[in-house]
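# Structural overview for review
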Amino acid sequence: QRVAPPDPGTLDPVLGDLARAALAGAGPATLTAIGLRLRSPDVAAVLDEVGKTRGRPRWRAGAAMVTAGLGGPEDRARALALLRDLCDTHGPEVLDDRQQLVLAQLLFLARADRELTEVLPRLSRIDPADAALLRTDLLNPARAGDLADPDAWAERFADPWEGSGLLRPRVQPAADGHLFDT
């Protein structure tokens, strides 16, 4: 089923050309880029529908990216649900590097700490340094998540400083939950 190209008068010339190219046969990456640029739930819906009806997980992952990019809490929840569904059906390996990172960030924001801890080793396209930062953030006592551990967090937080030749900070949470350097 063909989709009519958007009215070029509603888009700037570059985006109009990209939209026509995507609808003429370019892949989900182009439509995802357009959807992110326009912050368009309509583009997300097209990506999701094509992904569902044609069994193409990359299209559905693009829909999740555009939906997450809309920015609202409901949008992030819908994007996370879509990414969870993709992971349940195809495994997280079907996601590209940016999609894996967005999945991890959405799980973190949703406070799905245990789920993030379980899936993180399978997110092989996430840079190991980013994964280490996420693991550190999960321990942060100021976040008050399920895995909060002030001592483990302080140790892990200070490691990169010392590894870079800087003085190792000693950080403790104050009674009011704020952090201070001792």
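Here, every reference points to the structure presented above.
Residues numbered from 1 in each chain as written. Predicted model: local features only at pLDDT ≥ 70, side-chain atom pairs only at ≥ 80, totals over all residues. Heavy atoms only, no water.

With that settled, the discussion passes to the packing of helix 8 (residues 128-139) against helix 9 (residues 150-163). Viewed as axis vectors pointing N to C, helix 8 and helix 9 meet at an angle of 150°, and their least axial separation amounts to 8 Å. In terms of orientation, helix 8 and helix 9 fall into the roughly antiparallel class. As for the relative orientation of helix 8 and helix 9, their crossing is left-handed in sense. Here Arg 135, Thr 136 and Leu 139 of helix 8 come into contact with helix 9, specifically with Pro 150, Ala 152, Trp 153, Arg 156 and Phe 157. Grouping the amino acids of the contact of helix 8 with helix 9 by side-chain chemistry returns 5 nonpolar, 1 polar and 2 charged. (Axes fitted to C-alpha atoms, helices over the stretch in contact; angles between N-to-C directions. Helix = DSSP H or I, 4+ residues; strand = E, 2+ residues; numbered from the N terminus. Parallel < 35°, antiparallel > 145°, perpendicular 65-115°, else oblique. Left-handed = near helix turned anticlockwise from the far one by under 90°. Contact = heavy atoms within 4.5 Å. Nonpolar A, V, L, I, M, F, W, Y, C, P; charged D, E, K, R; others polar.)

Attention now goes to the packing of helix 2 (residues 28-38) against helix 4 (residues 57-69). Two numbers describe how helix 2 lies on helix 4: the axes approach to 9 Å, and their chain directions differ by 10°. Judged by the angle between their axes, helix 2 and helix 4 are roughly parallel. The residues of helix 4 that touch helix 2, namely those facing Pro 28, Leu 31, Thr 32, Gly 35 and Leu 36, are Arg 58, Trp 59, Gly 62, Met 65, Val 66 and Gly 69.

Moving on to the nonpolar core. Within the largest apolar cluster, 34 residues are counted, with the highest numbers of intra-cluster contacts made by Leu 83, Leu 103 and Leu 116. Elements that contribute at least two residues to this core include exactly helix 3 (41-54), helix 4, helix 5 (73-90), helix 6 (97-109), helix 7 (113-119) and helix 8. Element by element, the count of residues in this core is highest for helix 4, at 7 residues. (Core = buried A, V, L, I, M, F, W, Y, C linked by side-chain atoms within 4.5 Å. Buried < 20%, exposed > 50% of the residue type's maximum accessible area, 1.4 Å probe, protein only.)

Tallied over the full model, the rule gives 2 aromatic pairs. A ring pair is formed by Trp 153 and Phe 157, whose centres lie 5.0 Å apart and whose planes are at 25°; its orientation type is stacked. Separated by 4 residues within a single helix, Trp 153 and Phe 157 lie in helix 9, roughly one turn from each other. Judged by relative accessible area, which is 3%, Trp 153 ranks as buried. Overall, Phe 157 belongs to the partly exposed group, its relative accessible area being 28%. Linked through ring pairs, Trp 153, Phe 157 and Trp 161 together constitute an aromatic cluster. (Phe/Tyr/Trp six-rings, centres within 6.5 Å; stacked < 30°, edge-to-face > 60°.)

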